[in-house]
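Structural description and commentary
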Amino acid sequence: MYRAELLFRHHVSPFRPGTALSADEWDAMWADLVALMKVGVRVGKMVVVRPEDDHGEPSYAPDRPRTYVYRRQGAACRRCGTPVAHAVMEARNLFWCPTCQPD
C-alpha cells in the first residue's frame, strides 16, 4: 500500500524506473515515507490521505484505511476525478491516477 500511495503523493508514475528519480525526488519521497510510517505507528493504522484530500468515497473496504489509489481502481481520484487505473507488473498490482501520475 505504501508504494502506491507514496508514488501518488509525489506525482510519480509506477512505470517510471527508480533510476530515473533525481536525488531530490528520492530524498523527498524517503522523508515522506518515514513521516507516514511514524504516524502509522503512533495511531496504530496507516494514514496516507492528507486532510485536504480526505473527501469523497470511503475506504476500499470496511475497517481499511482511506487511500488515494490503492485498491481504488475505477473510482474517482480524490484530487482530480480521473478514474484510478490498475495493472499487474511482475505479479504485483499497480494502482495510479493517469492524470496525477503521468508516464
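Look up a bit, the structure's there.
Values in this document were obtained by computation on a predicted structure and should not be read as measured data.

This part takes up the side chain of Asp53. Following the sequence through the fold, Asp53 ends up in the loop between helix 2 (23–43) and strand 1 (85–89). Dropping the residues within four chain positions of it, Asp53 is found in contact with Tyr68, Arg78 and Arg79.

Turning our attention to the state of the cysteines. This model, assessed by the stated rule, comprises zero disulfides. The closest cysteine sulfur to the non-disulfide-bonded Cys80 is located on Cys97, 3.5 Å from its own sulfur. Take Cys80: its relative accessible area is 37%, and that puts it in the partly exposed class.

What follows deals with unusual backbone geometry. One non-glycine residue, Arg71, lies in positive phi territory at about 60 degrees. What makes Arg71 partly exposed here is its relative accessible area of 47%. A positive phi is found at Glu90, a non-glycine position, where the angle reads about 55 degrees. Within the secondary structure, Glu90 is located in the loop between strand 1 and strand 2 (92–96). Relative accessible area serves as the criterion here: at 73%, Glu90 is assigned to the exposed category.

About the criteria used
Residues numbered from 1 in each chain as written. Predicted model: local features only at pLDDT ≥ 70, side-chain atom pairs only at ≥ 80, totals over all residues. Heavy atoms only, no water. Helix = DSSP H or I, 4+ residues; strand = E, 2+ residues; numbered from the N terminus. Contact = heavy atoms within 4.5 Å. Disulfide = S-S within 2.5 Å. Buried < 20%, exposed > 50% of the residue type's maximum accessible area, 1.4 Å probe, protein only.

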